[in-house]
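# Coordinate inspection notes
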Amino acid sequence: MKIRQENRKDYGEVYNVIKQAFLSAEHSDGTEQDLVVALRKGVSFIPDLSLVSVENNKIIGHILFTKITIGSNVELALAPLSVLPDYQKRGIGSALITEGHRIAKTLGYDYSVVLGNPRVYGKAGYVPASTYGIKPPFAVRDENFMAIKLNRDAKTLEGVVKYDNAFGID
Ligand SMILES: CC(C)(COP(=O)(O)OP(=O)(O)OC[C@H]1O[C@@H](n2cnc3c(N)ncnc32)[C@H](O)[C@@H]1OP(=O)(O)O)[C@@H](O)C(=O)NCCC(=O)NCCS
């Protein structure tokens, strides 16, 4: 299994990976694949942080981090993360997160936030975002809105996350 940056030729296959993955998801509105299509067209898209995991020339997983703002700081949101159902629970999701964080650090980002299951993201180092003073722009249980500090020396951020408009959050 290797992880590499997504390219334009992958878009169709990635669309299906996301769709298939979220059919089995705990929480899904069934439109995560369309969210990625919309995000790619916007200003929050970072091509280096749209990654695919490939096994035998087949795309089996995808991860996307897009830009968010917290006050005047530009940071990252991890969403969505998708692994084809037949390939789940084999460490592929974790490997995509780890590689995304490595690249994010080299690009100079200090924090990434994620909305999701603490059992999936806690292992990758995410803690409740409230730990860092980072607040969600919607009502959610504290344990489900998480953040990771990518750079040990990063300054504390206090503020509410503003996502790309494609997320449909006011
Ligand atoms: C969530 C998802 C990306 C995880 O990918 P994966 O390759 O199966 O994850 P990993 O094998 O790297 O597992 C990472 C950890 O998360 C846990 N985990 C994975 N899927 C889980 C689930 N559905 N519920 C609870 N824990 C889960 C694993 O048990 C593992 O922890 P462990 O090593 O302590 O057992 C994958 O299950 C998926 O695509 N799900 C459908 C889409 C989705 O829900 N995306 C996330 C939205 S928040």
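Residues numbered from 1 in each chain as written. Predicted model: local features only at pLDDT ≥ 70, side-chain atom pairs only at ≥ 80, totals over all residues. Heavy atoms only, no water.

### Here's the deal with the overall build of the chain
Rules: Helix numbering and strand numbering both begin at the N terminus, where a helix is a DSSP run of H or I of at least 4 residues and a strand a DSSP run of E of at least 2. Each residue is assigned to one of three classes by its accessible area relative to the maximum for its type, calculated with a 1.4 Å probe on protein chains only: buried under 20%, partly exposed between the two thresholds, exposed over 50%. We call two residues in contact whenever any of their non-hydrogen atoms come within 4.5 Å of each other. Each accessible area is a Shrake-Rupley estimate made with a 1.4 Å probe; only the visible protein chains count as cover when residues are assessed. Think of it this way: Lys and Arg go in the positive column, Asp and Glu in the negative one, and His and the chain ends go nowhere. We put the charge of a Lys on NZ, of an Arg on CZ, of an Asp on CG and of a Glu on CD.
What the chain contains, in helices and strands, is four helices and nine strands. When the elements of the chain are put in sequence order from the N terminus, they spell out β-α-α-β-β-β-α-β-α-β-β-β-β. Along the three orthogonal principal directions, the C-alpha set of the chain runs to about 45 × 30 × 30 Å. Sorting the 170 residues of the chain into buried and exposed places 46% on the buried side. Taking the intrachain contacts of the chain between residues at least 6 apart in sequence as the baseline, contacts between residues at least 24 apart amount to 67%. Counting every atom, the chain has about 9000 Å² of accessible surface; 49% of that belongs to carbon and sulfur. Between the centroid of the 21 positive side chains of the chain and the centroid of its 19 negative side chains there is a distance of 4 Å.

### Some remarks on the site of the ligand
To keep it simple, the criterion reads: Note on terminology: near, applied to a residue and a molecule or strand, indicates that one of the residue's heavy atoms is within 4 Å of it. Whenever a nitrogen or oxygen atom comes within 3.5 Å of another N or O atom, the pair is scored as a polar contact, on the condition that within protein one atom can donate a hydrogen and the other can accept it, and that pairs from neighbouring residues in sequence are kept only if both atoms are in side chains. Cavity means a closed set of points on a 1 Å grid over the protein atoms alone, one where a 1.4 Å probe fits but cannot get out, pocket means an open set with protein on both sides within 12 Å along at least 5 of 7 lines, and lining means a residue has an atom within 4 Å of a point. Cavity and pocket membership follows a simple rule, namely that a molecule belongs there if more than half of its atoms are within 2 Å of the grid points.
Taken together, 21 residues sit near the ligand, with V83, K89, G91, G93 and S94 positioned nearest. One of the backbone N or O atoms of V83 is found 2.8 Å from an oxygen atom in the ligand. When isolated, the ligand has an accessible area of 880 Å², and the protein chains bury 75% of it. In a pocket analysis with a 2 Å cut-off to the grid points, the ligand is assigned to the largest pocket.

### Looking at the packing of aromatic side chains
Quick note on the threshold: Paired rings are identified among Phe, Tyr and Trp, the last through its six-membered ring, by centres lying within 6.5 Å, and are further divided according to the angle between planes into stacked (under 30 degrees), edge-to-face (over 60) and tilted (the rest).
Enumeration according to the criterion identifies five aromatic pairs in this entry. Look at Y121 and Y126: their rings are 6.0 Å apart centre to centre, the planes differ by 80 degrees, and that puts the pair in the edge-to-face class. When sorted by exposure, Y121 lands in the same class as Y126, which is buried. With a centroid separation of 4.9 Å and 55 degrees between ring planes, the pair formed by Y163 and F167 is classed as tilted. Assigned by exposure class, Y163 and F167 land together as buried.

### Here we look at the layout of surface pockets
Over the atoms, a rolled probe matching the size of one water molecule traces out where space is still vacant. Rules: Grid points are joined across faces, edges and corners, and a volume is the space filled by probe spheres set on the points. As a working rule, the residues Ala, Val, Leu, Ile, Met, Phe, Trp, Tyr, Cys and Pro are called nonpolar, Asp, Glu, Lys and Arg charged, and the rest polar, with Gly in that last group.
Of the voids in this model, the largest pocket is the one considered here, and its volume is about 1600 Å³. In this structure, the largest pocket is lined by 42 residues; those nearest its centre are F22, A25, L81, N117 and Y121. At the level of secondary structure, the elements contributing two or more residues to the lining of the largest pocket comprise α1 (11-23), α2 (32-40), β4 (73-83), α3 (92-106), β5 (111-115) and α4 (118-121). With seven residues, the single largest contributor to the lining of the largest pocket is β4. The residue inventory of the lining of the largest pocket, partitioned by class, reads 23 nonpolar, twelve polar and seven charged.

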